[in-house]
Structure formats: C-alpha cells, structure tokens
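# Analysis of the macromolecular model
One-letter residues, chain by chain:
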Amino acid sequence: MQQRLLHLPQRTLAALALSVLTMSVSHAALFEDSEARRAIIEMRQRVDGLQQSGQRSAEELRKLGEENSQLRRSLLDLQTQIETLRVDQAKLRGQNEQLLRDAADLQRRQKDIAQGVDERLRQFEPVKVTLDGQEFQADPAEKRDFEAALAVFRSGKFSEAGAAFGAFVKQYPRSGFTPSARFWLGNAQYAGREYKEAITNFKLMLSEAPAHARAPEAALSIANCQVELKDTRTARKTLEDLVRAYPQSEAAVAAKERLSRLK
C-alpha cells in the first residue's frame, strides 16, 4: 500500500492528504459539537434541578416560616393561658385561705354557742342538794331562790324574808326545799310576832315532812308561839307530844325544861 502511494503523483497525494485532513477535521468537529451539546444539556438539567431545588427550598422555608409563626402564636396563647391559670390559682388560693379563716371563725363561734347553750342548759338541769339531812334533786332556780331568801333572813330582815319564803312555797309547792322553806317562814313570822301565821306554817311542815331534821324544832316553835298567845294549856300538850314523838332530839330536852316552868 505504501509502495502504491509512493508511485502516485504529488498533486494526487496532496489532494488525498487534504481529503483525509478534511475528513479528520470534520469528524473532530462533529465529536466536539456532540460533547458540547451533552454538556449543555447536563448543565441545563443541573440548573433546572437547582431551580426546582431552590423553589422547593423556598417553599419549604415559607412553610417553615408559617409553622414558626403558628408555633409562636401557640406559645403566646399558651403563655397567656399559663398566666391566666396563675392568676386564677392565686385567686383560688386566696379564696381557700379566706374559706379556712371563715371555717375557723365558724368553728369558734359554734364552740362559743355550744358552750353558751351548755351553760344555759345547766341553769335548768336539776342539781343534787343536801339540806337538813335530806338529799334531793332541785332546779337551779329553786336553789337560787331558797338561798336568796335564807340570806335575807340571816341579815335580820324578817319581814322581807317572810315574803320571800312565802313566795317560794307558792312557786315551788313540791320542791325538796319546801319543808325547810316553811320552817324558816314560820321563824320569820315568829320574829315578826305573827304567831298564828307561824303556827300554821310550822304545822304544815310537820304534816308534810314529819321525819324532817327540823321537825322537832318546828314543834318546839309551835309551843313557843302558843305561849306568846297565852295559850299555856295547848302549849303544854304540844311540848308533851314533842317529847313523845322525838325523845332523842335536843328539842325534846328543851321541851322538858319548858314543861317544868309552865304552870
């Protein structure tokens, strides 16, 4: 082949070389244009991808911004709710403390009321009394009125004492104090020289409570009233009855002495 080419004319060889060179340049040009197009296409694809990615990023950023704004609004609402709850809790705490104070005040008032009621009830509850050897139950009012009348008698105000004991026996006819009240009523009347009235009350006492500790003294007082009324005969009989009925009493000793002096 090379030998054949060597025998060709120079002009023919030149033309052939030019043709080959032209073909080579054309082929190279075609190759370079395809690569360029491919690179351009790839570049465009990359740009489009970046644009799409940028668009997606912008959209995502916009969404994130909206979510962030919504989250901030939610946080603000939550903070507002928390503050409201704190205020409400403080109010409730204050109300609870006030309720506790009110409850404590109410308990104290109830306790005071209960104590007051108990004290008032105790004023009406019967109390145990021991008087002149007798034990009985009596209302506090009875005890108070009897002791008040007795205090007046001991002060020497016999007229006032007689009125007080007279009112007592009328108000409390069935009281355990009544026999003693009649005894002191008779003594007050005797001191006021109301002998007949005194005899009546002494006899009532003896008929109601013949075993009373002061019954012998009441019988002796009757005899004294009869003596003051100049009724010696009746007085003697009263003294004799006294000695027979209560022989062991001090009043019986005094009655015997009186009998020895009576004529």
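In this text the structure is predicted, and so the values were computed from the model without any measurement.

This paragraph deals with the overall build of the protein. A tally of regular secondary structure across the protein gives nine helices and two strands. Starting at the N terminus and ending at the C terminus, the protein contains elements arranged as α-α-β-β-α-α-α-α-α-α-α. Looking at the protein as a whole, 25% of its 263 residues are labelled buried. For the protein, long-range pairs separated by at least 24 residues make up 41% of all intrachain contacts whose partners lie at least 6 apart in sequence. A total accessible area of about 19500 Å² is found for the protein, and carbon and sulfur atoms account for 55% of it.

The predicted model of the protein has a mean per-residue pLDDT of 84, with 82% of residues at 70 or higher. A low-confidence stretch, residues 20–25 stays under pLDDT 50, and its non-local contacts, those more than four residues away or across chains, total zero contacts.

Before going further, it helps to spend a moment on the pattern of salt bridges. Under the definition given, this model contains 11 salt bridges. Sharing partners across several salt bridges, the network here consists of Asp132, Arg214 and Glu217.

A separate point is the side chain of Gln189. With respect to the element layout, Gln189 can be found in helix H5 (residues 178–191). For Gln189, a relative accessible area of 11% corresponds to the buried category. Sequence-distant contacts of Gln189, that is, excluding residues within four places in its chain, are made with Glu194, Glu197, Ala198 and Asn201.

To continue, consider the pairing of strand S2 (residues 134–138). Here strand S1 (residues 127–131) runs beside S2; their pairing, made up of five bridges, is antiparallel. By the bridge assignment for S2, Thr130 is matched with Glu135. Connecting S1 to the antiparallel partner S2 that follows it, the hairpin turn spans two residues, and Asp132 within it adopts a positive phi of roughly 55 degrees.

Below, the discussion takes up helix H6 (residues 195–208). Between its terminal C-alpha atoms H6 stretches 20 Å, which fits the 20 Å expected from 14 residues at 1.5 Å a residue. All of the buried residues in H6 are Tyr195, Ala198, Ile199, Asn201, Phe202, Met205 and Leu206. In the core, the buried residues of H6 are packed alongside H5 and helix H7 (215–228).

Next up on the list: the packing of H6 against H7. Here H6 crosses H7 at 155 degrees, and the two axes come no closer than 9 Å. By the criterion of interaxial angle, the relationship of H6 to H7 is roughly antiparallel. Regarding H6 and H7, the two cross each other, and that crossing is left-handed. From H6, Tyr195, Ala198, Ile199, Phe202, Lys203, Met205 and Leu206 reach across to H7, where they touch Ala215, Ala218, Ala219, Ser221, Ile222, Cys225, Gln226 and Glu228. Taken together, the residues that form the contact of H6 with H7 break down as 11 nonpolar, two polar and two charged.

This part takes up helix H8 (residues 232–245). Counting along an α-helix, one turn takes 3.6 residues, and residues three or four places apart therefore face a common direction. An ideal rise of 1.5 Å per residue puts 20 Å on 14 residues; H8 measures up with 20 Å between its terminal C-alpha atoms. Along H8, the positions that sit buried rather than exposed are Ala235, Thr238, Leu239, Leu242 and Val243. Buried residues of H8, seen end-on, are gathered within an arc of 135 degrees and therefore sit on one face of the element. Seen from the open side of H8, the exposed residues pointing more than 90 degrees away from its buried face are Arg233, Lys237 and Arg244.

A separate point is the environment of Asn201. For Asn201, the position within the fold is in helix H6. A sequence separation of 22 residues divides Asn201 from Pro179, and the C-alpha atoms of the two residues are 9.4 Å apart. Once residues lying within four places of it in the same chain are set aside, the contact partners of Asn201 are Arg182, Leu185, Gly186 and Gln189.

Criteria and thresholds
Counting starts from 1 at the beginning of each chain's written sequence and moves along it residue by residue. Given that the model is predicted, a residue must reach a pLDDT of at least 70 before its local features are reported, and side-chain atom pairs must reach 80 or more before they are shown or counted; all residues, however, enter totals for whole chains, interfaces and linings. With hydrogens and water excluded, all non-hydrogen atoms of the structure serve as input to the side-chain values. Strands are runs of DSSP state E lasting at least 2 residues, helices are runs of H or I lasting at least 4, and numbering of each runs from the N terminus. When accessible area is computed with a 1.4 Å probe and restricted to protein chains, residues below 20% of their type maximum are described as buried, those above 50% as exposed, and intermediate ones as partly exposed. Only heavy atoms matter for contacts: two residues are in contact if any of them lie within 4.5 Å across the pair. Per-residue and other accessible areas follow the Shrake-Rupley method at a 1.4 Å probe size, with only the shown protein chains counted as cover for residues. Per-residue confidence from the prediction method is given by pLDDT, with values spanning 0 to 100. Each reported salt bridge corresponds to a side-chain nitrogen of Lys or Arg within 4 Å of a carboxyl oxygen of Asp or Glu. Strand pairing is assigned whenever DSSP identifies at least 2 bridges connecting the two strands. Any helix carries an expected span of 1.5 Å times its number of residues minus one. Each axis is a line fitted through C-alpha atoms, and for a helix only the stretch in contact is used; angles between axes span 0 to 180 degrees, taken between their N-to-C directions. Angles below 35 degrees are treated as roughly parallel, those above 145 as roughly antiparallel, those between 65 and 115 as roughly perpendicular, and all remaining angles as oblique. Crossing handedness follows the turn of the near helix against the far one: under a right angle anticlockwise gives a left-handed crossing, and clockwise gives a right-handed one. Note that Gly is not counted as nonpolar here; it falls among the polar residues with everything else outside the nonpolar set of Ala, Val, Leu, Ile, Met, Phe, Trp, Tyr, Cys and Pro and the charged set of Asp, Glu, Lys and Arg. Taking the helix axis as origin, the arc is that swept by the directions to the C-beta atoms.

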